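Coordinates in review
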Amino acid sequence: MTTVTVNASTSYDIIIGRDLLKNTGELCAEVLKPCKLCIVTDDTVASLYLETVEASLCASGFDTMRFIFSHGEESKNTHTLVELLEFLAASGLTRSDCLIALGGGVVGDLCGFAAAVYMRGIKFVQIPTTLLAAVDSSVGGKTAVDLRAGKNLMGAFHQPTRVICDYLTLDTLTPEIFADGCAEVIKYGVINDKDFFEIFKKGIKENIEEVIARCVANKRDIVEKDEFDSGKRQLLNLGHTIGHAIELLSDFTITHGSAVSIGMVIVTRAAVNTGLCPKEDLELLLDTLNRASLPVECNFSAEELASAALLDKKRSGGSITLVVPYALGDSRLVKTPVDKLCEFISKGLEGA
Ligand code: NAD
Ligand code: GLY
């Protein structure tokens, strides 16, 4: 078992281990007084893990209830949010009670946002069950639901009280959903941790506890310096601006992790072709992504990618901030005028 502590506006531990779900009750009792707990989860995760979590919480003396919604991004909306808030109110949850987010990033974001706004804020515990949620979304306190106008447009910063990461749950993920999470794992190596590539060579799955702990420690270091996302935290968007454009242009048939993988390759190749980044770093990145079964190219033109990227909410006036690898482990924020974006992306497609 590994513990990583986050010291943001509140402090909390991320507990990482194998087969931890059956100890959920004890791990919650370390940070919560006896109270009502509402477990929020989706239908897929509920069928796999809800009973174990519920039994453990009950054995530790918590009074539990459950709120289950249909899996998928389509549920991360204001309708499900209000249903959940009404359920909490009807069940008599008070400010001293707590929510448990059991699932992937969709459950974590929705449950976390409900916890942020219910009675102006109650506690919540994250129990991530996808690799993406384990290494990224369960840590750092970004919570949100989607609006019709776009993803994550209604949200709040609200840190969890504890994160319990049982990586045995990752065994039931499809290979595609596991690979999606690998893109976010590899992202940390490109941002600021070149030595991480030595572990990637040995295998992400084979070294999963060390991999998750290292990702969340990397994210912790960034979040502690810029909790509210006004500077350094934007490094975590590496590959995402072009990635979001790829998701949009493919009508979401290319998954988020696959799109981020291709996005990371495009920005890294652009950096190589403009003399900013060594070529062997691109080769190592391509090799690592291939071994994680992630795609490294797409058929969209630079013009298509640039137009779609400029719809991204990270655009600010006449410029967009790109995350550019000057080397693996040395990514930097580069403010790019919008009229130079297409040229930069063209460089990233040259010689692909
Ligand atoms: P998800 O929560 O939709 O999970 C993907 C699928 O896997 C779902 O169908 C789910 O039911 C299923 N699933 C979950 N755990 C499982 C398990 N152990 N075994 C079998 N199936 C399982 O998606 P995700 O990829 O985990 O998260 C994506 C969401 O995370 C997006 O909404 C994104 O905006 C958000 N996100 C948030 C942050 C943040 O900092 N808050 C960061 C990155 C992504
Ligand atoms: N996943 C991006 C962030 O937490 O800032």
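With that settled, the discussion passes to the site of ligand 2. Ligand 2 sits among Asp136, Lys142, Lys219, Arg233 and Leu236. Take lysine 219: an N or O atom from its side chain is 2.6 Å from an oxygen atom of ligand 2. Relative to its free-state accessible area of 200 Å², ligand 2 is covered by the protein chains to the extent of 84%. Its residues assigned to classes, the shell around ligand 2 comprises one nonpolar, no polar and four charged.

Another aspect to go through is the pattern of salt bridges. Evaluated as defined, the whole model comprises 20 salt bridges. Close ionic contact of aspartate 146 with lysine 76 constitutes a salt bridge, the shortest N to O distance being 3.9 Å. Here lysine 76 lies in the loop between strand E4 (63-69) and helix H3 (78-90) and aspartate 146 lies in strand E7 (residues 142-147), a separation of 70 residues in the sequence. Judged by relative accessible area, which is 3%, lysine 76 ranks as buried. The salt bridge partner of lysine 187 is aspartate 136, with a shortest N-O separation of 3.5 Å. Of this pair, lysine 187 sits in helix H6 (residues 175-192) while aspartate 136 is found in helix H5 (residues 131-137), placing the two residues 51 residues apart along the sequence. A relative accessible area of 14% places aspartate 136 in the buried class. One network of salt bridges, in which partners are shared, links Glu73, Lys76, Asp109, Asp146 and Lys151.

Right, let's talk about empty space enclosed by the protein for a bit. Taken as a whole and judged by the stated rule, the model has one cavity of 30 Å³ or more. Its volume calculated, the largest cavity comes out at about 50 Å³. If you trace the largest cavity, you find it lined by Asn237, Leu238, Gly239, His240, Thr241, Ile242, Val267, Leu322 and Val323. Those elements that place two or more of their residues in the lining of the largest cavity are helix H9 (240-249) and strand E11 (319-327). Per-class residue counts for the lining of the largest cavity are five nonpolar, four polar and no charged.

What the seven strands build is an open sheet, ordered E1-E2-E9-E6-E5-E3-E4; its pairing is mixed. Each having just a single partner strand, strand E1 (2-7) and E4 make up the two edges of the open sheet. When the angles between neighbouring strand axes are averaged without regard to direction, this sheet yields 20 degrees. Pairing of strand E3 (residues 36-42) with E4, which is carried by seven bridges, proceeds in the parallel orientation. Across the sheet, valine 40 pairs through a bridge with phenylalanine 67, a residue of E4. The sheet strands contacting H3 are E3, E4 and strand E5 (98-103), and the helix crosses E4 at an angle near 160 degrees. On the sheet, helix H8 (residues 208-225) packs against E1, strand E2 (11-17) and strand E9 (162-166) and is oriented at approximately 10 degrees with respect to E1.

Turning our attention to the site of ligand 1. Around ligand 1 there are 25 residues in total, and Asp42, Glu73, Thr129, Thr130 and Thr172 lie nearest to it. For ligand 1, an oxygen atom lies 3.0 Å from a polar atom in the side chain of lysine 151. Burial of ligand 1 by the protein amounts to 85% of the accessible area it has alone, namely 870 Å². Those elements that place two or more of their residues in the shell around ligand 1 are helix H2 (43-59), helix H4 (105-117), H5 and strand E8 (150-157).

Glancing now at the layout of surface pockets. Computed from the structure, the second largest pocket encloses a volume of approximately 250 Å³. Together, 13 residues line the second largest pocket, and Cys182, Ile204, Arg291, Ala292 and Ser293 are the ones closest to its centre. Elements with a contribution of two residues or more to the lining of the second largest pocket: H6 and helix H11 (279-291). Looking at the lining of the second largest pocket, the element that brings in the most residues is H6, giving four residues. Taken together, the residues that form the lining of the second largest pocket break down as seven nonpolar, three polar and three charged.

Rules used in this analysis
Residues numbered from 1 in each chain as written. Chains lettered and ligands numbered in written order. Predicted model: local features only at pLDDT ≥ 70, side-chain atom pairs only at ≥ 80, totals over all residues. Heavy atoms only, no water. Near = heavy atom within 4 Å. Polar contact = N/O pair within 3.5 Å; in protein donor to acceptor, adjacent residues only side chain to side chain. Areas by Shrake-Rupley, 256 points an atom, 1.4 Å probe, with all protein chains shown as cover. Nonpolar A, V, L, I, M, F, W, Y, C, P; charged D, E, K, R; others polar. Salt bridge = Lys/Arg side-chain N within 4 Å of Asp/Glu carboxyl O. Helix = DSSP H or I, 4+ residues; strand = E, 2+ residues; numbered from the N terminus. Buried < 20%, exposed > 50% of the residue type's maximum accessible area, 1.4 Å probe, protein only. 1 Å grid on protein atoms, 1.4 Å probe; cavity = no way out; pocket = protein on both sides within 12 Å on 5 of 7 lines; lining within 4 Å. Points joined across faces, edges and corners; volume = space filled by probe spheres on them. Pairing = 2+ DSSP bridges. Axes fitted to C-alpha atoms, helices over the stretch in contact; angles between N-to-C directions. Contact = heavy atoms within 4.5 Å.

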